[in-house]
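# Fold and geometry: a report
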Amino acid sequence: MDNTECMYTLGRAMAKSGGTKKKAYWEEYSNLQRVKHDLIQDYLGGWFPKITKWNGRVVYIDTHAGRGTHLKGELGSPLVALDTLLNHRALEMVTSGGEVVFTFIEHNAENLAALESELKAKEPLPKGVKVYPHEGDSFELIDSWVSELEAENKSLAPSFVFCDPFGFSVPGELLHRLMKFNRVELFVNIIWRELDMAMAQGRNGTIKDGMRQTLDLIFNGHDWLNEIDGETSDERADQCANLFREIVGARWGTFIRMVDNGRTRYFLLHLTNHEAGRDLMKNCIWSACPDGGYYARKSDDPKQQHLIMPEPDMGPIEDWVRFQLVQGPRRWKELHELVREEVWLEKHVNEIVRGLRKDGSIVAEDYEGRFSASANPRLRLV
């Protein structure tokens, strides 16, 4: 049995043992599901009008679509994605020059039937909006589609692929092939707690051959054994996200930790090769978790409305700005470019720069007009 065949055998086994999400999942709707769906909605809300401006066809793929709704009526990811477009103020503009195709894949026939019933209630769909539910193993189906495109030397339309399996077995090599298409973005749910435990068995020498092979397939090689060895779970999660970004072949990897009982249960990893995608996802994460830290907690009330928005600790970003200027004067917009590598946003840089100038810690040179990022002054520590 070769590696690909082995991975798909594992995938089918996971689906039969609950890989399409157990009943308890659909009975619950916690803050973690809310944050996940908010991120999808906010990201697609910005992605649809931007990407369709230059492309006649775009695709959204949900690899483990599920039933469509939770048992108390909350929408699942397929309907969140579809409603984001249907309720978008720019719907007519988005669909006027082409089409948006939604591909929902679900292995469990009962779940798929429930989803199809939810989708039927959305009919008739506007012109330019296509929805295709599929029953089957998502990785097998995607592999067949990608193989066909590769064989015919064709490109894939700009696509956002949401990979949300119940278990932690995701095929790194297949995601790498998807990412090789220039305009594909991935949003992957990494089931971290179980994956971390499996890798610990590898480090302490107690891992079984089958699990070792699974990990090799996830990371498309053996690098996980040596490169994910941090002392804490958070350190190892950082290393895992970076290694996965490398093996998939993405320039940018942006992720948020989903915390249950004080520990990271899973993390959502966005992978893109485009600066605009990196910037958009960072903004979406800060919107979902305004107090910062790139953490979402299950214990938070998903229905809570903040009367006073929580504020992040600005100390670390001030330290970062000072560190950049200690090395020499920089243009304001240069700080914007540099902060893309960090968790912080341009607006955080702007807040710190204005504060440092106000208290006399920096001076601004060589600009006209009012003191602003658009004027792009040269900033220097006093």
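Everything that follows concerns the structure shown earlier in this document.
Presented here is an overview of the structure given in this document. Treat the numbers as computed from the prediction; the structure is a model and nothing was measured. Numbering of residues starts from 1 in every chain and runs along the sequence as written. Two thresholds apply to this predicted model, a pLDDT of at least 70 for residue-level local features and 80 or more for giving and counting side-chain atom pairs, whereas whole-chain, interface and lining totals are computed over all residues. Hydrogen atoms and water are omitted, and side-chain values are computed over all heavy atoms in the structure.

With that settled, consider the overall build of the protein chain. The way it works is that DSSP assigns letters per residue, a run of H or I at least four long becomes a helix, a run of E at least two long becomes a strand, and they are numbered from the N terminus. In terms of helices and strands, the protein chain carries 16 helices and 11 strands. Relative to its length of 382 residues, the protein chain is compact, with a C-alpha radius of gyration of 22 Å against a globular reference of 21 Å. Taking the principal axes of the C-alpha coordinates as reference, the protein chain spans close to 65 × 55 × 50 Å. Exposed residues in this analysis have more than 50% of their type's maximum accessible area, buried residues have under 20%, and partly exposed residues fall in between, with area computed by a 1.4 Å probe over protein chains only. The 382 residues of the protein chain split such that 51% are buried. Contacts are assigned to residue pairs that have any heavy atoms within 4.5 Å of one another. Restricting to contacts in the protein chain with at least 6 residues of sequence separation, those with at least 24 account for 69%. Values of the radius of gyration come from C-alpha atoms, whereas the globule rule sets the reference at 2.2 Å times the count of residues to the power 0.38.

Take the state of the cysteines next. We call a pair of cysteine sulfur atoms a disulfide whenever their separation is within 2.5 Å. By the definition in use, this model includes zero disulfides. Just so you know, C163 is unpaired, no disulfide at all, and the nearest cysteine sulfur is the one on C240, 13 Å from it. C284 forms no disulfide, and the closest cysteine sulfur to it belongs to C289, at a distance of 11 Å. Judged by its relative accessible area of 4%, C284 is buried.

Running from N to C, helix α3 (residues 31–52) and helix α13 (residues 275–288) cross one another at 145°; their axes reach a closest spacing of 9 Å. The two elements α3 and α13 meet at a crossing, and its hand is right-handed. Counted together, R34, V35, L39, D42, Y43, G46, W47 and K50 of α3 and A276, G277, L280, M281, C284, I285, S287 and A288 of α13 form the full contact between these two elements. Three classes are used: nonpolar for Ala, Val, Leu, Ile, Met, Phe, Trp, Tyr, Cys and Pro, charged for Asp, Glu, Lys and Arg, and polar for all others, with Gly counted as polar. Split into classes, the residues belonging to the contact of α3 with α13 amount to 10 nonpolar, three polar and three charged. Axis definition: a line fit to C-alpha positions, over the contact stretch in the case of helices; interaxial angles, taken between N-to-C directions, run 0 to 180 degrees. Two helices cross in a left-handed way if the nearer one is turned anticlockwise from the farther one by less than a right angle. They cross in a right-handed way if the turn is clockwise.

Turning our eyes to something else, we now look at the side chain of H270. You can see H270 is positioned in strand β7 (residues 263–272). On the basis of relative accessible area, H270 is assigned to the buried category, the value being 0%. Any N or O atom pair separated by 3.5 Å or less is treated as a polar contact, with the protein-specific requirement of one donor-capable and one acceptor-capable atom, and with residues adjacent in sequence counted only for side-chain atom pairs. A polar atom in the side chain of H270 sits 3.4 Å from the side chain of Y43. Once you skip the residues sitting within four places of it in the chain, H270 turns out to touch Y43, F160, E185, L186, F187, W252, G253, T254, G277 and M281.

Now for the side chain of T264. Here T264 shows up in strand β7. A relative accessible area of 7% places T264 in the buried class. Polar contacts involving the side chain of T264 include one to the side chain of D234, which spans 3.5 Å. If we skip the residues at most four places from it in the chain, T264 touches W192, R193, D234, R257, M258 and V259.

By this rule the span expected of a helix is its residue count minus one, scaled by 1.5 Å. Compared with the 20 Å implied by 1.5 Å per residue over 14 residues, the 20 Å span of α13 between its first and last C-alpha is a close match. Of all the residues in α13, the buried ones are G277, R278, M281, K282, C284, I285, W286 and A288. Looking at the buried side of α13, the elements it contacts are α3, β5 (184–190), β6 (252–260), β7, α15 (332–339) and α16 (346–358).

Time to look at the sheet that holds strand β10 (residues 362–365). If DSSP finds at least two bridges between two strands, the strands pair. Read across the sheet, three strands follow the order β9-β11-β10 without closing on themselves; strand pairing throughout is antiparallel. For this open sheet the edge positions go to β9 (330–331) and β10, each flanked by a neighbour on one side alone. Here four bridges tie β10 to strand β11 (residues 378–381), and the two strands are oriented antiparallel to one another. Across the sheet, residue I362 finds its bridge partner in β11, namely L381. Along the sheet face, helix α14 (residues 315–326) touches β9, β10 and β11 and points at about 95° away from the line of β11.

Shape is all these values report; function is a separate question.
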